[in-house]
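# Examining the three-dimensional arrangement
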Amino acid sequence: MMGNSLSAGQQGGGSHATVKEACVFLSEYASALLGCGATCIRIEKNVHRMAETVGVDYSMTIMPATVQMTVWDKDRKHSYSNIQKIRKSGTSFNINTQLSRLSWELHDGKVTFSEAVCKMDRILQTRPENRWLVLALASVANASFCRLFGGDFISMGIVFIATLVGFRIRQMMLEDKIDIRLAFVCASFVSSVIASAGYVFGWGTTPEIALGTSVLYLVPGVPYLNSMSDLLDGHYISFLSRFLDATVLTVCLSAGLCGGFLVMNLRWF
Amino acid sequence: MDIFFGALQDAFFAAIASVGFASISNPPHRIYPVCAGIAAAGHSLRYVLMNALGMHLVLASLCAATVIGLLAVFLAPRTKAPAEAVSFPALLPMIPGMYAYRTFQNLILCLTGGEAEFHHYFYLCGSNGLTCLAVLLMMAIGVTIPIFIFKRISFRATRQI
């Protein structure tokens, strides 16, 4: 554990350089965790663990788009502050897991401070899951979701196709850096139009369930859960921003669905 | 007996749904089997509570989420992943998605007719919205209770000794 604490001599730049390095690393670490969708309690625990190991005092504010951090040395002679922009990587439990493990590795002396800095860069390069695999899994998932709501096998097939096409549209639009809200409206519109096939052609006995579940793959479940976790933990700003983000996406998917109803001239339920 | 087979089927499809929806959030591959098992247990428990005991959706979700949280706290260290990386994907099939979008759909419909329609759709908007919020909150509380009770275990899950 001693090997990990930064001392002035070791860094060669005096105590201020030490504090600066620690502050930049910790604030980047916190913003990376925030960006990959970790809960606030997780961010605080992990940063606290690492700050203790490195041997500095810190204060941190977690805002929706930034992390603000001031780091002091133990004698309270030098400080350094950094406002770090959030590093948006999309929700990734994989990065979350690796970063959490990194904090323990530093704490347990398995990596030194400079190794941890390099390792964090490597972790942030982690590639997202293969998109074709995600596409297939999400489509099968939504089809089985249709079953959970009582849909028959024909409805499951309709939902599978609707999700396959809608999710691919969402992926393509997000890859082209098109606004996520527009992507959600388009994806839910297309999914609902395809899922209305049950009504149009009279396929299956549960067309209303097929239509109702066809857009559920778009519901931002993890942000909703994260926001509730922040609420219980007293991080109200983070709770509100995450909750509103998720709500906006839900509104967008409702709008797309309403558009689908209008175009296909279906009765509102 | 119907309940038994219903619960089995519910467990099977909930497991598939949780793996599929989890894959959108880039989890580490080794959590998939654990997460599928936990989701199956939680969702089928909710099914039994609601269909056999007639429990309300909100209360049943709280019970199911507590069980999911409990299982996640004890199984997460084996996957070397934080508890929430296992329990949140397992909770995804229980997210009240249909209530969430119906809230806004009915809000739009409020503006389409006269007083009677407004009352009807505003009622639907309110009841869907409240149910959605209550279920979400109960799920979060349920999954957090075990983490607070077993604090030592749950925040050490990613430690490798």
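For clarity, every value in this text was computed on a predicted model and none was experimentally measured.

### Quick notes on the interface of chain A and chain B
Every contact between the two is made by 42 residues of chain A and, on the other side, 42 residues of chain B. Those elements that provide at least two residues to the side of chain A that touches chain B are helix 3 (40-54), helix 4 (93-107), helix 6 (131-148), helix 11 (221-233) and helix 12 (236-263) of chain A. With 10 residues, the top contributor of residues to the side of chain A that touches chain B is helix 6 of chain A. Across the side of chain A that touches chain B, the residue classes break down as 24 nonpolar, 13 polar and five charged.

### A short note on the domain arrangement of chain A
Residues and elements named next belong to chain A. As assigned here, chain A comprises domain 1 (5-124) and domain 2 (131-263). Relative placement of domain 1 and domain 2: their C-alpha centres are 36 Å apart. Counting residues at the interface gives eight residues for domain 1, matched by nine residues for domain 2. Within the side of domain 1 that touches domain 2, the residues separate by chemical class into five nonpolar, three polar and no charged.

### As for helix 3 of chain A
Residues and elements named next belong to chain A. Counted at 1.5 Å a residue, the expected span for helix 3 with its 15 residues is 21 Å, and the 21 Å between its end C-alpha atoms agrees. Where helix 3 is concerned, the buried positions are Cys40, Arg42, Ile43, Asn46, Val47, Met50, Ala51, Thr53 and Val54. Considered in projection along helix 3, the buried side chains sweep an arc of 165 degrees and stay on one side of the axis.

### Thoughts on the environment of Phe21 of chain B
The topology assignment puts Phe21 of chain B in helix 1 (residues 2-23). Spatially, the C-alpha atoms of Phe21 of chain B and Ala116 of chain B are 39 Å apart, while their sequence positions differ by 95 residues. Ignoring anything within four residues of it in the chain, the contact list for Phe21 of chain B reads Ala138, Ala141 and Gly221 of chain A together with Pro89, Leu92 and Pro93 of chain B.

### Some thoughts on the pairing of strand 1 (residues 56-62) of chain A
Residue and element names in this part refer to chain A. In this sheet, strand 2 (residues 66-73) lies alongside strand 1 in antiparallel orientation, the contact comprising seven bridges. Each bridged residue has a counterpart across the sheet, and for Asp57 the counterpart in strand 2 is Trp72. Connecting strand 1 to the next strand, strand 2, in antiparallel fashion are three residues.

### Notes on the packing of helix 3 (residues 57-79) of chain B against helix 4 (residues 83-91) of chain B
Residue and element names in this part refer to chain B. In contact at an axis separation of 8 Å, helix 3 and helix 4 are set at 140 degrees when each is read in the N-to-C sense. Classified by the angle their axes make, helix 3 and helix 4 are oblique. Viewed along their axes, helix 3 and helix 4 form a crossing whose handedness is right-handed. Contact residues: Ala65, Ile68, Gly69, Ala72, Val73, Leu75, Ala76 and Thr79 in helix 3; Ala83, Val86, Ser87, Ala90 and Leu91 in helix 4. Of the residues belonging to the contact of helix 3 with helix 4, the class tally is 10 nonpolar, three polar and no charged.

### Notes on the sheet that holds strand 3 (residues 79-85) of chain A
Residues and elements named next belong to chain A. Spatial strand order, 1-2-3: three strands in an open sheet with antiparallel pairing. Two strands in the sheet have a free side with no partner beyond their single neighbour: strand 1 and strand 3. Strand-to-strand twist of the sheet, defined as the mean angle between neighbouring strand axes without regard to direction, takes the value 15 degrees. Here seven bridges tie strand 2 to strand 3, and the two strands are oriented antiparallel to one another. From the neighbouring strand, Trp72 faces strand 3, where its bridge partner is Ser79.

### Let's talk about the confidence of the model for chain B
Residues and elements named next belong to chain B. Residues at a pLDDT of 70 or more form 96% of chain B, whose mean pLDDT is 89. Element-level mean pLDDT values for chain B span from 68 in helix 7 (residues 151-154) up to 93 in helix 2 (residues 31-51). Both scores are given for the predicted complex: the pTM is 0.89, the ipTM 0.90.

### Observations regarding the nonpolar core
Ranked by internal contacts, the top residues of the largest apolar core, which has 96 residues, are Cys35, Ile38, Ala72, Val86, Leu91 and Met139 of chain B. Element by element, the count of residues in this core is highest for helix 3 of chain B, at 11 residues.

### Description of unusual backbone geometry
At Lys177 of chain A, a position not held by glycine, the phi torsion is positive, near 60 degrees. Looking at the element boundaries, Lys177 of chain A is found in the loop between helix 7 (153-175) and helix 8 (180-195). In this model, Lys80 of chain B sits at a positive phi of 55 degrees, which is unusual for a non-glycine residue. Note that Lys80 of chain B resides in the loop between helix 3 and helix 4. Using a count of 19 C-beta atoms within 10 Å as the deciding quantity, one classes Lys80 of chain B as partly exposed.

Conventions and cut-offs
- Residues numbered from 1 in each chain as written.
- Chains lettered and ligands numbered in written order.
- Predicted model: local features only at pLDDT ≥ 70, side-chain atom pairs only at ≥ 80, totals over all residues.
- Contact = placed C-beta atoms within 7 Å.
- Helix = DSSP H or I, 4+ residues; strand = E, 2+ residues; numbered from the N terminus.
- Nonpolar A, V, L, I, M, F, W, Y, C, P; charged D, E, K, R; others polar.
- Domains from an automatic or database assignment.
- Expected span 1.5 Å × (residues − 1).
- Buried ≥ 20, exposed ≤ 12 C-beta atoms within 10 Å, placed from the backbone.
- Arc of directions from axis to C-beta.
- Pairing = 2+ DSSP bridges.
- Axes fitted to C-alpha atoms, helices over the stretch in contact; angles between N-to-C directions.
- Parallel < 35°, antiparallel > 145°, perpendicular 65-115°, else oblique.
- Left-handed = near helix turned anticlockwise from the far one by under 90°.
- pLDDT = per-residue confidence, 0-100.
- Core = buried A, V, L, I, M, F, W, Y, C linked by C-beta atoms within 7 Å.

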